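# Residue-level structural notes
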Amino acid sequence: ATERTLSIIKPDAVAKNVIGEIVTRFEKADLKVVAAKMIHLSREQAEGFYAEHKERPFFGALVEFMTSGPVVVQVLEGDNAIALNRELMGATNPKEAAAGTIRADFASSIDANAVHGSDSPASAEREVAYFFSADEICPR
Ligand code: CMP
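Residues numbered from 1 in each chain as written. Predicted model: local features only at pLDDT ≥ 70, side-chain atom pairs only at ≥ 80, totals over all residues. Heavy atoms only, no water.

Within an unreviewed UniProt entry, the label attached to the chain reads Nucleoside diphosphate kinase, and the organism entered is Halomonas cupida. Under the UniProt heading Subunit (unreviewed entry), the entry covering the chain gives this text: "Homotetramer." Its UniProt record gives the chain a comment under Subcellular location (unreviewed entry), which states: "Cytoplasm". (UniProt positions renumbered as here; feature names shortened; annotations may be inferred.)

Dropping the structure here:
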């Protein structure tokens, strides 16, 4: 079924100047960008986005990293988009990410891991709405 998922190109990948290379992987896999913007997240925005991780030991470092520089947030649309995007990304820890995945090729650590992607339909719905209003999404 056609789905939408939220993708974030994280500060490390933006700093490495590989926004285009990452978007190309989405496009080559038939995912379409239907919304996109670059933002430098505030502490409040990052804490709210990652609220489910609030009690985890890595929460402080995660918020620190995600606010360290600009990110590119995008809505990707396509058949099976949520799982497909996670396949393209590879495992959270780049050391465990399969060869040829975005994290294997561009990530340097579990914190600086290049990309985020929604992990379920429920998170996709929440995460898309967290960054985009309905009129910022352009069906195509
Ligand atoms: P992301 O998909 O953006 O969701 C939460 C982020 O926390 C995750 O990617 C990692 O970058 C970061 N993180 C740091 N340590 C861990 C950990 N031990 N387990 C899961 N996520 C972690």
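Once the structure has been displayed, the description carries forward.
Let's shift gears to the pattern of salt bridges. The full count for this structure, using the stated rule, is 5 salt bridges. A salt bridge links Arg25 to Asp105; the shortest N-O distance between them is 2.9 Å. Of this pair, Arg25 sits in helix 2 (residues 19–28) while Asp105 sits in helix 6 (residues 102–106), placing them 80 residues apart in sequence. The class of Arg25 is partly exposed, set by a relative accessible area of 24%. On the accessibility criterion, Asp105 (40% relative accessible area) is partly exposed. (Salt bridge = Lys/Arg side-chain N within 4 Å of Asp/Glu carboxyl O. Helix = DSSP H or I, 4+ residues; strand = E, 2+ residues; numbered from the N terminus. Buried < 20%, exposed > 50% of the residue type's maximum accessible area, 1.4 Å probe, protein only.)

Turning to the layout of surface pockets, a few remarks are in order. By volume, the largest pocket is sized at about 470 Å³. If you trace the largest pocket, you find 21 residues lining it, with Tyr50, His53, Phe58, Thr92 and His116 closest to the centre. Secondary structure elements with two or more residues in the lining of the largest pocket: strand 4 (115–117) and helix 7 (121–131). (1 Å grid on protein atoms, 1.4 Å probe; cavity = no way out; pocket = protein on both sides within 12 Å on 5 of 7 lines; lining within 4 Å. Points joined across faces, edges and corners; volume = space filled by probe spheres on them.)

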